[in-house]
Amino acid sequence: MKIALLGYGRMGQEIEKIAISRGHEIVIKKDVNDTIDITLADVAIDFSVPNSAFNNISNCINNNVPVISGTTGWLDKYKDAVALCEEKKGAFIYASNYSLGVNIFFELNNQLAKMMHTLDDYNISMEEIHHIKKLDAPSGTAITLAEGIINNTSKENWTLNENSSEENIPIVAKRIPDVPGTHTVWYDSEVDSIEIKHTAHSRKGFALGAVVAAEWILGKTGVFNMKNVLNIR
């Protein structure tokens, strides 16, 4: 499989190592190659920056190249990307986090929220910790977790670095050197606390998931997510 890396920062370099170890070839590195011909690739993996992501995705879809997007902070244009993919009969996956473990964690979060939704004595809060070079806050992973809770409880929104309220889930975002990503969800009451937590030990898990998604999407048409890749129902 010939892969285009749209973004060749630390994640792009980690994806390159994983892809080569699995027998794939990197034919484009966008941060290295000023001018690219996306049609040289069988599939593209985008871990660029928010203001480049939509253009990268559109270029792939317009040239019939399946694209895996892991860039966060651009989702105001997500519906446009979906519409373009459907119009062009392309193939597209966006995930806030490609770690296989995190996607299992998302499902655990959804199930816990369903079980807790009638227990009004518990206050819900969240924390995410990432390296200091992460541009967006809260993380896309934290937003996905918050949306899972909102979809299964009476909560209506999330807030960043604010106190909790009846309607909102407070998310505390911390930036600490050399932390790949830690996400915690708490349910606290007077009598006890329930906590679920995912801790990434390195970027390798994110890179592996992105390559697995790229392998999965070949030959398919449509807009997908990691639940499709992992066959989670």
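Refer to the preceding data block for the structure.
To keep things clear, this report deals only with the structure shown in the data block. Keep in mind it's a predicted model, so treat the numbers as computed, not measured. (Residues numbered from 1 in each chain as written. Predicted model: local features only at pLDDT ≥ 70, side-chain atom pairs only at ≥ 80, totals over all residues. Heavy atoms only, no water.)

**Remarks on the pairing of strand β6 (residues 123–130)**
Note the following rule: The cut-offs for exposure are 20% and 50% of the maximum accessible area for each residue type, with area from a 1.4 Å probe on protein chains only; residues under the lower value are buried, those over the upper are exposed, and the others partly exposed. In this text, helices come from DSSP runs of H or I with a minimum length of four residues, and strands from runs of E with a minimum of two, each type numbered from the N-terminal end. The rule for pairing is simple: two strands pair if DSSP sees at least two bridges between them.
With respect to burial, β6 is a largely interior element, seven of its eight residues being buried. For β6 and strand β9 (residues 182–188), the ladder comprises seven bridges, and the chain directions are antiparallel. Each residue of the ladder has a partner; that of Glu127, found in β9, is Thr184. Bridging between β6 and strand β8 (residues 168–175) involves five bridges; their strand directions are parallel. The partner of Ile129 across the bridge, within β8, is Lys174.

**Notes on a negative patch on the surface**
The criterion, for reference: Exposure above 30% relative accessible area and the lack of any salt bridge qualify a residue for a patch; like charges then connect within 9 Å, and the nonpolar side chains Val, Leu, Ile, Met, Phe, Trp and Tyr within 5 Å. All accessible areas in this document rest on Shrake-Rupley with a 1.4 Å probe, and a residue is counted as covered only by the protein chains that are shown. Salt bridge, as used here: a side-chain nitrogen of Lys or Arg that lies within 4 Å of a carboxyl oxygen of Asp or Glu. Asp and Glu are treated as the negative residues and Lys and Arg as the positive ones, with His and the ends of the chain left uncounted. Charge placement uses NZ in Lys and CZ in Arg. For Asp and Glu, CG and CD serve respectively.
Taken together, the side chains of Asp120, Asp121, Glu156, Glu166, Glu167 and Glu190 make up a negatively charged region of the molecular surface. On the secondary structure map, Glu167 appears in the loop between β7 (157–160) and β8. Residue Glu167 is classed as partly exposed on the basis of its relative accessible area of 35%.

**Description of the packing of helix α2 (residues 50–62) against helix α3 (residues 78–88)**
Selection criterion: Only the stretch in contact is used when fitting a helix axis, every axis being a line fitted to C-alpha atoms; angles between N-to-C directions are given from 0 to 180 degrees. Oblique is the label for any angle not under 35 degrees, not over 145, and not in the 65 to 115 range, which are roughly parallel, roughly antiparallel and roughly perpendicular in turn. For this analysis, residues touch if any pair of their heavy atoms sits within 4.5 Å. The classification used treats Ala, Val, Leu, Ile, Met, Phe, Trp, Tyr, Cys and Pro as nonpolar, Asp, Glu, Lys and Arg as charged, and all other residues, Gly among them, as polar.
It is at 10 Å that the axes of α2 and α3 come closest, and there the two elements cross at 5 degrees. By the angle between their axes, α2 is roughly parallel relative to α3. Touching Phe54, Ile57, Ser58, Ile61 and Asn62 of α2 are Asp80, Ala81, Leu84, Cys85 and Lys88, all from α3. Each residue belonging to the contact of α2 with α3 can be placed in one class, and the counts come to six nonpolar, two polar and two charged.

**Some remarks on the sheet that holds β8**
Across the sheet, five strands lie side by side as β7-β8-β6-β9-β10; this open sheet has mixed pairing. Either end of the sheet is taken by a strand with one partner, and the two such strands are β7 and β10 (193–199). The sheet shows a mean angle of 20 degrees between the axes of neighbouring strands, direction not considered. Across the sheet, helix α4 (residues 100–116) touches β9 and β10, and the angle it forms with β10 is around 165 degrees.

**Section: the nonpolar core**
This is how the line gets drawn: We call a set of buried Ala, Val, Leu, Ile, Met, Phe, Trp, Tyr and Cys residues a nonpolar core when their side-chain atoms join them within 4.5 Å.
Judged by nonpolar contacts, the single largest core of 27 residues is most densely connected at Ile15, Ile45, Ile68, Ile93 and Tyr98. Elements that contribute at least two residues to this core include exactly β1 (2–6), α1 (10–21), β3 (43–46), β5 (91–94), α6 (204–217) and α7 (226–230). Among the elements that line this core, the one with the most residues is α6, at seven residues. Apart from the residues within four sequence positions on either side, Tyr98 is in contact with Phe47, Ile68, Ser69, Gly70, Ile93, Asn103, Gly205, Phe206, Gly209, Ala210, Ala213 and Met226.

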